[in-house]
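A closer look at the structure
Chain by chain, the residues run as shown.
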Amino acid sequence: MQRELISIPKILLYIAFTVFLFVFQTSILGAHPLFGYHLDLLPAAVAAAALLDGPVEGAAVGFTAGLLYDVGLIGVDGLYPIYFLLFGLAGGAFSRLALAGGFLSMVLMNAVEMLLFGMLRYFVQLMPQGASFLLVLHQTVGGTLIACVLCFLVYLPMRRISRRFSRDDRWFFR
């Protein structure tokens, strides 16, 4: 069994990019909805890290994205870091088995992640408050479509980071 190499600087760059994305999304994009939907690109960062580099990087970015949601007081405390961490792990493992490492695979992973996230959010947070399922479904599907169209804004920088730290780089640790 061959051990997978983990690049600490690459993971740190992914985390820094995820934090930048959160700041950009909450400050600039939060004030300007697109077609009535707020753009959420953090799930795309988790999908890109998991697809490009595997479960460890996906879990690290996923946990960071979940913590950023918690810091932003967006969801149920503690639930989002666990969800995104588990999705990063599962998405990274699944991408190794069944997906090509290209952009279309990332769009597919992002769509699945956002739809599952929207339903989790509804059943845990919004349904107890009496929110309409159809309204939440409408917002979830619309937000997912907008994010999938614009997720190249996340994929391209993360692919560049991934390629910067290739397998023959000296920064890898066992």
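From a predicted model like this one, the values you see are computed outputs, not experimental measurements. (Residues numbered from 1 in each chain as written. Predicted model: local features only at pLDDT ≥ 70, side-chain atom pairs only at ≥ 80, totals over all residues. Heavy atoms only, no water.)

**Examining helix 7 (residues 152–164)**
The end-to-end C-alpha separation of helix 7 is 18 Å, in line with the 18 Å expected for 13 residues at 1.5 Å each. If you follow the buried residues of helix 7, they end up packed against helix 1 (8–27), helix 2 (42–53), helix 3 (55–71) and helix 5 (103–126). (Helix = DSSP H or I, 4+ residues; strand = E, 2+ residues; numbered from the N terminus. Expected span 1.5 Å × (residues − 1). Contact = heavy atoms within 4.5 Å.)

**Structural notes on the confidence of the model for the chain**
Confidence in the prediction for the chain averages 85 pLDDT; 90% of positions are at 70 or higher. Scored below 50 in pLDDT, residues 169–174 shows 18 contacts in the model against residues more than four places distant or in partner chains. (pLDDT = per-residue confidence, 0-100.)

**Remarks on the packing of aromatic side chains**
Applying the stated criterion across every chain yields a total of 13 aromatic pairs. Both rings, one in Phe20 and one in Phe24, keep their centres 6.2 Å apart while their planes meet at 15°; by these two values the pair is stacked. In this pair, Phe20 and Phe24 are both assigned in helix 1, four residues apart and thus about one turn of the helix distant. Exposure remark for Phe24: the relative accessible area of 30% places this residue in the partly exposed category. Following the ring pairs from residue to residue traces out a cluster consisting of Tyr69, Tyr80, Tyr83, Phe84, Phe87 and Phe117. (Phe/Tyr/Trp six-rings, centres within 6.5 Å; stacked < 30°, edge-to-face > 60°. Buried < 20%, exposed > 50% of the residue type's maximum accessible area, 1.4 Å probe, protein only.)

**Description of the state of the cysteines**
One covalent bond between the sulfur atoms of two cysteine residues makes up a disulfide. This model, assessed by the stated rule, comprises zero disulfides. In this model Cys148 remains outside any disulfide bridge; the closest cysteine sulfur is found in Cys151, 5.5 Å from its own. The class for Cys148 is buried, based on a relative accessible area of 11%. According to the relative accessible area criterion, Cys151 is buried, its value standing at 0%. (Disulfide = S-S within 2.5 Å.)

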